[in-house]
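Here are the chains, one letter per residue:
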Amino acid sequence: MNGDPTLERIASGNGLALCAAGSWTARFAPVLERLVTDAEKLGGSRPNIFIDVSQVSKLDTFGAWLIERLRRSLTQGGIEAQIAGLSANYSSLVDEVRRVKAQPVVEGRAVTISGMLEQVGRSVAGVGGTLVGLIDMLGAVLAAIGNVVIHPRGFRLTSTIHHLEQVCWRAVPIVVLITFLIGCIISQQGIFHFRKFGADIFVVDMLGVLVLREIGVLLVAIMVAGRSGSAYTAELGSMKMREEIDALRTMGFDPIEVLILPRMLALVLALPILAFLGAMAALYGGGLVAWLYGGVDPEAFLLRLRDAISIDHFIVGIIKAPVMAAVIGIVACVEGLAVQGSAESLGQHTTSSVVKGIFFVIVMDGVFAIFFAAIGM
């Protein structure tokens, strides 16, 4: 038969026998859905249940899944519905569909105090697991560095330079542009508000301290976390999905030393450079706006800036940069190696990498602020 699909009940004593015929393909999806839905209502406590598919002329994945769905719905009380008459051409397709596990039905639970406490506990355990993973990755990276120091020939200089180009050189335009605009905005807003008190010139003090100590390195670190951190996670996650990392271990290579160490070193070297360029761009943008909008002469701006800042402000910002880079790299690599074998997992861990990276960057900035305040810097 090559006509429309049918599903008829045939006489079978106390049992239930169904005969499928015709073309069971996605082309006849509405008809097949209706036939299967009606047949599912025939189930009950029957000693024998058979589904005869010997008259099925065409079968695709959609039709095979409907037959499997019908078999599962008619299987009750330990009595399994049998599929009979399956041709050799379609047996492998039906067997493959049968191996797909049905998703368990999640019943809604009432909101209780114990349930809320359980959720809080699971969240705390998740945070603890994240911290343990980060510490474990830090230890693995330090061990890889020690191994490279002992055996310098194992250091992959070409890979490090390649990642340095991707992370640093190719990021310069966007970093300079964003920090330049941020410097312009800070200067404009400062002049707008300070002008009410006749203190336009103090915008130079605010701009210099903010850019060199906080805004410059923090903003650049956030951009690097979104740009390079997500890239690291996606790259390592794709390698994990294609089992390339397992292949490296099989060949006797350490994935930490081959894949992660060059990326970490490139990030640690790149962020101070980007932070310096970003700070200079922000100061230039702020000085330009102060001249055009606030009427502050460039020479007066530079003289005031020299008096307002010291080398300590610059050192504070530069010290933060490599530490933030290490945090971003560790988070990105941990999330990349945690990817499972699906595109959904890759997307979730890439998103988590960016969110966690930015979070830890801001936390580290707060820790550094407290530390430098305590030592008088």
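For the structure itself, consult the block above.
The shown structure was predicted, so the numbers you read here are calculated from the model rather than taken from an experiment.

Draft legend 1. Focus on the overall build of the protein chain. Secondary structure assignment for the protein chain yields 12 helices and four strands. Over its C-alpha atoms, taken along the principal directions, the protein chain stretches across nearly 100 × 60 × 50 Å. A buried classification covers 39% of the 377 residues belonging to the protein chain. Residue pairs in contact within the protein chain that sit at least 24 positions apart in sequence constitute 80% of those at least 6 positions apart. Carbon and sulfur atoms make up 65% of the accessible area of the protein chain, which totals about 20500 Å². Taking the 29 positively charged and 31 negatively charged side chains of the protein chain as two groups, their mean positions are separated by 3 Å.

Draft legend 2. Up close: the packing of aromatic side chains. Under the criterion given, the structure shown has five aromatic pairs. A centroid spacing of 5.8 Å and a plane angle of 15 degrees characterise the contact between Phe368 and Phe372, whose relative ring orientation is stacked. A residue pair is termed a helical-turn pair when its members lie 3 or 4 positions apart in one helix, as Phe368 and Phe372 do in helix α12 (residues 343–374) at four residues. Across the pair, Phe372 and Phe368 agree in class, each one buried. Look at Phe371 and Phe372: their rings are 5.3 Å apart centre to centre, the planes differ by 65 degrees, and that puts the pair in the edge-to-face class. The partly exposed category is assigned to Phe371, whose relative accessible area is 45%. What makes Phe372 buried here is its relative accessible area of 3%. Grouping aromatic residues by their ring pairs yields a cluster made of Phe368, Phe371 and Phe372. Between the NZ or CZ atom of Arg263 and the centre of the ring of Tyr232, over which it lies, the distance is 5.8 Å.

Draft legend 3. The side chain of Thr179, seen in detail. For Thr179, the location among the structural elements is in helix α6 (residues 172–194). Here the side chain of Thr179 touches Val175 through a polar contact of 2.6 Å, landing on its backbone oxygen. The residues touching Thr179, leaving out its near neighbours within four places in the chain, are Leu219, Val220, Met223, Gly278, Ala281 and Ala282.

Draft legend 4. Spotlight on the sheet that holds strand β4 (residues 82–84). Within the open sheet, the four strands sit side by side as β1-β2-β3-β4. Their pairing is mixed. Only two strands of the sheet have a single partner each, and these edge strands are β1 (6–10) and β4. Averaged over all adjacent pairs, the angle separating strand axes in this sheet is 25 degrees, with direction ignored. Bridging between strand β2 (residues 16–24) and strand β3 (residues 49–59) involves eight bridges; their strand directions are parallel. When the bridges of β3 are listed, Leu16 appears paired with Ile49. Helix-sheet contacts for helix α1 (residues 29–40) involve β1 and β2, and the interaxial angle to β1 is about 20 degrees.

What counts, and at which threshold
- Residues numbered from 1 in each chain as written.
- Predicted model: local features only at pLDDT ≥ 70, side-chain atom pairs only at ≥ 80, totals over all residues.
- Heavy atoms only, no water.
- Helix = DSSP H or I, 4+ residues; strand = E, 2+ residues; numbered from the N terminus.
- Buried < 20%, exposed > 50% of the residue type's maximum accessible area, 1.4 Å probe, protein only.
- Contact = heavy atoms within 4.5 Å.
- Areas by Shrake-Rupley, 256 points an atom, 1.4 Å probe, with all protein chains shown as cover.
- Lys, Arg positive; Asp, Glu negative; His and termini not counted.
- Charge placed at Lys NZ, Arg CZ, Asp CG, Glu CD.
- Phe/Tyr/Trp six-rings, centres within 6.5 Å; stacked < 30°, edge-to-face > 60°.
- Lys NZ or Arg CZ within 6 Å of the ring centre and 35° of its normal.
- Polar contact = N/O pair within 3.5 Å; in protein donor to acceptor, adjacent residues only side chain to side chain.
- Pairing = 2+ DSSP bridges.
- Axes fitted to C-alpha atoms, helices over the stretch in contact; angles between N-to-C directions.

It is worth stressing that arrangement in space is one thing and function is another; only the former is reported here.
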